[in-house]
Amino acid sequence: MKYTQTFIPGVWIIEPVVHSDTRGYFLEAFKQPEFERHIGTVSFIQDNESGSVGGVTRGLHYQLAPWSQAKLVRAIAGSVLDAVVDIRRGSPTFGKHILIELSGENKRQLFIPKGVAHGFHVTGTAAIFTYKVDSPYMPSHERSIRFDDPAIGIDLKLLAGDALIMSPKDRQAPLLADAEINFEYNK
């Protein structure tokens, strides 16, 4: 696998080697010794999967400590524009974001450390999205930030269609300046 560190510390793009022939393809989606050599030790405890129709926007989500989550995400079918935002106070990239296409075709994965909010927008007709997490879902610690926060500056023109299909919770999420955050960089 090819591991590429992004400009946000701790956020990695992972591209597997794909072996294809007339029957289809094979890839290794996760190989712990190689993952640990590049990123470090993360004990994933749960795999999640979501299916979304085109135009759906989910996020930007995170969980407060002590239930914060590191995630390894990918789209196994369809295509999404994945967004991550550094919300670790004291980070040199606090409030900065990355957008990356994850798709069943390109087979890229994204590792998202604790203290980085995450969301995605389905750019095709539908997508199946999977993610490994290292901490269980804890509704009392779940938080969101608005995807269209001008301070973050995600270019919504990149998203297909005029209307974003969002949950009421995500549509009413606070701006980053008003969000409850308890992450410190390098802690």
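Note: the structure precedes this text.
What counts and how
- Residues numbered from 1 in each chain as written.
- Predicted model: local features only at pLDDT ≥ 70, side-chain atom pairs only at ≥ 80, totals over all residues.
- Heavy atoms only, no water.
- Helix = DSSP H or I, 4+ residues; strand = E, 2+ residues; numbered from the N terminus.
- Rg over C-alpha atoms; globule rule 2.2 N^0.38 Å.
- Buried < 20%, exposed > 50% of the residue type's maximum accessible area, 1.4 Å probe, protein only.
- Contact = heavy atoms within 4.5 Å.
- Areas by Shrake-Rupley, 256 points an atom, 1.4 Å probe, with all protein chains shown as cover.
- Lys, Arg positive; Asp, Glu negative; His and termini not counted.
- Charge placed at Lys NZ, Arg CZ, Asp CG, Glu CD.

## Digging into the overall build of the chain
And then number 1: For the chain, the count of helices and strands is two helices and 11 strands.
And then number 2: Scanning the chain from its N terminus toward the C terminus, one meets helices and strands in the order β-β-β-β-α-β-β-β-β-β-β-β-α.
And then number 3: Taken against the 2.2 N^0.38 rule, which gives 16 Å for 187 residues, the C-alpha radius of gyration of the chain at 16 Å falls within 12% of a compact globule.
And then number 4: Every one of the 187 residues in the chain was classed for burial, and the buried ones make up 47%.
And then number 5: Here the contacts in the chain between residues at least 6 apart in sequence split such that 81% fall between residues at least 24 apart.
And then number 6: With an accessible surface of roughly 9500 Å², the chain has 52% of that area assigned to carbon and sulfur atoms.
And then number 7: Charge-centre separation for the chain: the mean point of 20 positive side chains lies 2 Å from the mean point of 21 negative side chains.

## So, unusual backbone geometry
And then number 1: The linkage connecting Gly59 with the following residue, Leu60, adopts the cis geometry, with an omega of 15 degrees.
And then number 2: For Leu60, the location among the structural elements is in strand 6 (residues 57-63).
And then number 3: Note the cis peptide between Ala65 and Pro66, where omega equals 10 degrees.
And then number 4: Its place among the elements puts Pro66 in the loop between strand 6 and strand 7 (71-86).
And then number 5: Even without a glycine there, the phi angle at Lys107 is positive, about 60 degrees.
And then number 6: For Lys107, a relative accessible area of 12% puts it in the buried group.

Honestly, that's just the spatial picture; any functional story needs more than this.
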